[in-house]
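Listed here are the chains, written in short residue letters.
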Amino acid sequence: MIDNIKTILGSLVGKHKPSDSTVSATLLVKNLPGDEYYTTLIEVIKAVSKINKDATVTLKDRISTLLYVDSQSVGMHSKLCSEFLRGSPRSKSFLPSILSYWTELSNGYQLCLRQMHSAKNFVVDSNIELATARALHHQLSLVKWSALRYIAAEGNTWQQAYHLYQFAEQEQFHTKRIALYDRLNSSISPEELLIQAAMLHLAQTDNLLPQEIEAIHLLLERLVEGVQLELQATQSEFQYVINLDMPAAPQLLRRGVLGKGCRYWSGDHVVNRLADLILDFDQGIPEAFARALPEMSLELWRDMLQKLSTRWSQDGGKSMRRHERLSSTGQARVEVGFERIAHHLKVNRTLPLGDDNLVPEWRVNDTSEVGMGLIYIGRAVESLIIGRSIWVSQKDRPNQLGIIRRVQRLPEGGTRIGVELLGSLPLPVILSENEREAISNHNGLYITQTNAQKGKRVFIVPKSFAKPGKLLNFLANGKSYQIRISSVISQFEDCHQVEFETLERLSD
C-alpha cells in the first residue's frame, strides 16, 4: 500500500501537463488510506518537498497541486496534532511530521508568490488569496507550536509571516475573510490570523500548561474579531505593536517604537471582550468551549482568564511581581517528579551533599523569597513539565521542594526553569490505605510547619489518595499514625497537596 502511495504522490512532481496533475490528484484522493494516516502524511510531506525543489513546475500546476494536497491531507494532520496534545502512545514521534507539514506547505505557497511576482503582468486571483492565507496560517501555526513546546519562535518565523501579511495588505485583501478549508465551515482574514498569533505570544505562554495555550488560541477566535491593525498609534490606554520590517515578535507599545513597517492595535478592545467572557464563565463553561476542550475544568478556565486579564494589561503584568529576584550562581542536585523525589530522599536522606554530588547540568540562576530560577543544559527536557514537583539541593543550604511554574527553552541552548517553593527539608513518609486486605505502601512527602514556605505544614500525596474523608496510615521516623484527609489544597501535575487530621497514634 505504501509503495502505491509513493508512486501516486511521485507523479505529482516534475514536468507534467495540467491534465496529468488533475489525474494524479484524483488518484491521490482515492488511495489515501485513513488507517495509515501517519505514514501517508510523511509521504505527502516528501512529495511537497520535491515539488518545492522542482523549478520546472509551472505556477498554475504548483499552486493547484499544493492547494489540493493541503485540502486532502489536513484531516490527517489534524489527527496527529490531536493525538500529540492528548499524549497518545507514540505521539512524541509525530512532532517532526507535524512541523514539517506546515513548513513545507508554507514554503511552497511562498514559492508560488515569488513565481507570480516574476511574471510581467500577474493577477491576484482567488487561488493566490487562498494560498497566501494558508501560508500565513501555517507559518503562524509554527509560532503556536513553538509556544506549546516552550520555545520562543525564531525571528525568521515571524519575518516570513510578516512578509505574507504585507503582500495581502499591498493587494488589499488583508481584511477579507477567507475560508481556509471547506471542512472547517468558517473563515478568517489574514489580519485576524496575525493578531491572534500576536496576542497568544503576548499571553506569556512560558508558564502556561499546553491545554491552556490551546484554550487561549480558541478564545482568540472570538476576542480579536473586529480588531484592526492601524498605521498610526491612537490615544487609547495601551497598545500593541508589530514591526513588519523586523524579525521580532509583537510587543507592548513603548516610547520610540515607530517606523513605516509598524502596525498598531488597541488592547482595550481585547481586554473588554475578555471581561465579558469572564462573566460568561461565572455561569459555567460556555458550550462551545466545553465541547472543544473537555479536559479543562471550570476552575482552570477561570484561573487562566484572570492570568490573561493581567498579562494583556497596560504594563503586561509586571506590576504583579511581589518579590524581588536576586542573582545567584552555583551548581545544584535536582530531582524532578514526585516518585523520583520520594525515592531519592528515602535512599539518600542521610548522605551529605558534597561537590561530587552536584550535577553540572543544573545551575541556580536567581532566587527570591518564594521561588528560584534554574538553568538546565541537559537533554532530558521531557520531564520538565509545568505543575510537576521538583527538589533542589545546593551545597551548604537546606534542600528545597517546589513546583515547576515556568519553562523556557533558550535559543542558545539549555532550558530556563522557574520554581515556586513549597518549603525546605521535605521528609519522605510511607502511606498505606486503611484496609486489612491487599495493603500496599505508597510514597508521601511532608514538610513541617517550621520549614514550610507559608508557615503551614505541607503534605504531598499521590493523586489517588487526595480524597476528603480518606483514611490512611502515616509512617515517618519510625512512628505510625492513622490520619484522615480533610481537604485538597492544590492539584499539581504529578501529585496533590492535601490537609489532614490525625486520628490516633498506632503501635510502632
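Everything here concerns the structure above.
These lines cover the structure that appears in this document, whether it is placed above or below.

The rules behind these values
Residues numbered from 1 in each chain as written. Predicted model: local features only at pLDDT ≥ 70, side-chain atom pairs only at ≥ 80, totals over all residues. Heavy atoms only, no water. Pairing = 2+ DSSP bridges. Helix = DSSP H or I, 4+ residues; strand = E, 2+ residues; numbered from the N terminus. Axes fitted to C-alpha atoms, helices over the stretch in contact; angles between N-to-C directions. Contact = heavy atoms within 4.5 Å. Phe/Tyr/Trp six-rings, centres within 6.5 Å; stacked < 30°, edge-to-face > 60°. Buried < 20%, exposed > 50% of the residue type's maximum accessible area, 1.4 Å probe, protein only. Salt bridge = Lys/Arg side-chain N within 4 Å of Asp/Glu carboxyl O. Core = buried A, V, L, I, M, F, W, Y, C linked by side-chain atoms within 4.5 Å. Parallel < 35°, antiparallel > 145°, perpendicular 65-115°, else oblique. Left-handed = near helix turned anticlockwise from the far one by under 90°. Polar contact = N/O pair within 3.5 Å; in protein donor to acceptor, adjacent residues only side chain to side chain. Nonpolar A, V, L, I, M, F, W, Y, C, P; charged D, E, K, R; others polar.

Turning to the sheet that holds strand 3 (residues 262-266), a few remarks are in order. Within the open sheet, the three strands sit side by side as 2-1-3. Their pairing is antiparallel. At either end of the open sheet lies a strand with only one pairing partner, and these are strand 2 (251-252) and strand 3. Summarising the sheet, strand 1 (residues 239-243) and strand 3 pair through five bridges and their orientation is antiparallel. Residue pairing in the sheet places Gln239 in a bridge with Ser266 of strand 3.

Here we take up the environment of Asp282. If you trace the backbone, Asp282 turns up in the loop between helix 10 (267-281) and helix 11 (287-292). The spacing of Asp282 and Leu298 is 16 residues in sequence and 8.9 Å in space, taken between C-alpha atoms.

Attention now goes to unusual backbone geometry. Positive phi outside glycine occurs at Tyr150, with the angle close to 60°. Within the secondary structure layout, Tyr150 lies in the loop between helix 6 (126-148) and helix 7 (155-170).

Here the focus is the sheet that holds strand 15 (residues 479-491). Here six strands make up a closed barrel; going around it, the order is 11-12-13-16-15-14 and the pairing antiparallel. Strand-to-strand twist of the sheet, defined as the mean angle between neighbouring strand axes without regard to direction, takes the value 45°. Taken together, the six bridges between strand 11 (residues 427-433) and strand 12 (residues 441-447) define a ladder with antiparallel strand orientation. Residue Leu431 lies in a different strand from strand 12, and its bridge partner there is His442. Across the sheet, helix 13 (residues 338-348) lies against strand 11, strand 12 and strand 13 (458-461), angled at about 80° from strand 12, the strand it touches most.

Moving on, we get to the packing of aromatic side chains. Aromatic ring pairs are reported here in terms of the distance separating the ring centres and the angle at which the planes meet. For the structure on display, the rule yields 17 aromatic pairs. When the ring of Tyr38 is compared with that of Phe94, the centres are 4.6 Å apart and the planes differ by 45°; the resulting orientation is tilted. Taken as a pair, Tyr38 in helix 3 (residues 37-53) and Phe94 in the loop between helix 4 (59-86) and helix 5 (95-117) lie far apart in primary sequence, 56 residues in all. No difference in accessibility class separates Tyr38 from Phe94, as the two residues are buried. With a centroid separation of 6.0 Å and an interplanar angle of 80°, the aromatic rings of Phe167 and Phe173 are classed as edge-to-face. Among the aromatic residues, those joined into a cluster by ring pairs are Tyr446, Phe459, Phe474 and Phe500.

Turning our eyes to something else, we now look at the pattern of salt bridges. Here the structure, examined in full by the defined rule, presents 16 salt bridges. Of the charged contacts in the structure, one is a salt bridge between Lys307 and Asp303, with a shortest N-O distance of 3.5 Å. Separated by four residues within a single helix, Lys307 and Asp303 lie in helix 12 (residues 298-311), roughly one turn from each other. Two residues, Glu335 and Arg333, come together in a salt bridge whose shortest N-O distance is 2.9 Å. For Glu335, a relative accessible area of 7% translates into the label buried. Taken together, the shared-partner salt bridges in this structure form one network comprising Glu212, Asp303 and Lys307.

This part covers the pairing of strand 13. Covered by surrounding structure in strand 13 are Val458 and Ile460 together with Phe459 and Val461, the residues of both alternating faces. Where strand 12 meets strand 13, three bridges bridge the pair, whose relative direction is antiparallel. Within strand 13, the residue paired with Leu445 across the bridge is Ile460. Looking at chain direction, strand 13 and strand 16 (residues 496-505) are connected through three bridges and run antiparallel. Bridge pairing in strand 16 places Ile460 opposite Gln497.

Bridging between strand 15 and strand 16 involves nine bridges; their strand directions are antiparallel. Residue pairing across strands places Ser490 opposite Gln497, the latter belonging to strand 16. If you look at the hairpin formed by strand 15 and strand 16, you'll find four residues sitting between the two strands.

A general feature of soluble globular proteins is that nonpolar side chains tend to end up buried together. Grouped together as the largest cluster of nonpolar side chains are 108 residues, with contacts concentrated most on Met199, Trp265 and Trp312. In terms of residue count, helix 6 provides more of this core than any other element does, 12 residues in total. Not counting residues within four places of it along the chain, the set of residues in contact with Trp312 comprises Met199, Leu202, Ala203, Ile216, Leu220, Leu223, Phe238, Tyr240, Val270, Val271 and Leu274.

Packed helix pairs are characterised by how far apart their axes lie and by the angle those axes make with each other. It is the contact of helix 4 with helix 6, at a shortest axis distance of 12 Å, that shows an interaxial angle of 25°. In terms of orientation, helix 4 lies roughly parallel with respect to helix 6. The handedness of the crossing between helix 4 and helix 6 comes out as left-handed. Contacts between helix 4 and helix 6 involve Ile63, Leu67, Asp70, Ser71, Cys81, Phe84 and Leu85 from the former and Asn127, Ile128, Leu130, Ala131, Arg134, His138, Trp145 and Leu148 from the latter.

Here we come to the side chain of Asn207. With respect to the helices and strands, Asn207 occurs in the loop between helix 8 (190-202) and helix 9 (210-223). Look at Asn207 and you get buried, because its relative accessible area is 14%. Separated by 2.8 Å, the side chains of Asn207 and Arg311 make a polar contact. Beyond its immediate stretch of four places on either side in the chain, Asn207 contacts Lys307, Arg311, Ile386, Arg405 and Arg406.

Between helix 8 and helix 9, whose axes approach to 10 Å, the crossing angle comes to 140°. By the angle between their directions, the pair helix 8 and helix 9 is classed as oblique. In the crossing of helix 8 with helix 9, the sense of the turn from one axis to the other is right-handed. Facing helix 8, whose interface residues are Gln196, Met199 and Leu200, helix 9 presents Ile213, Ile216, His217, Leu220 and Glu221. Within the contact of helix 8 with helix 9, the residues separate by chemical class into five nonpolar, two polar and one charged.

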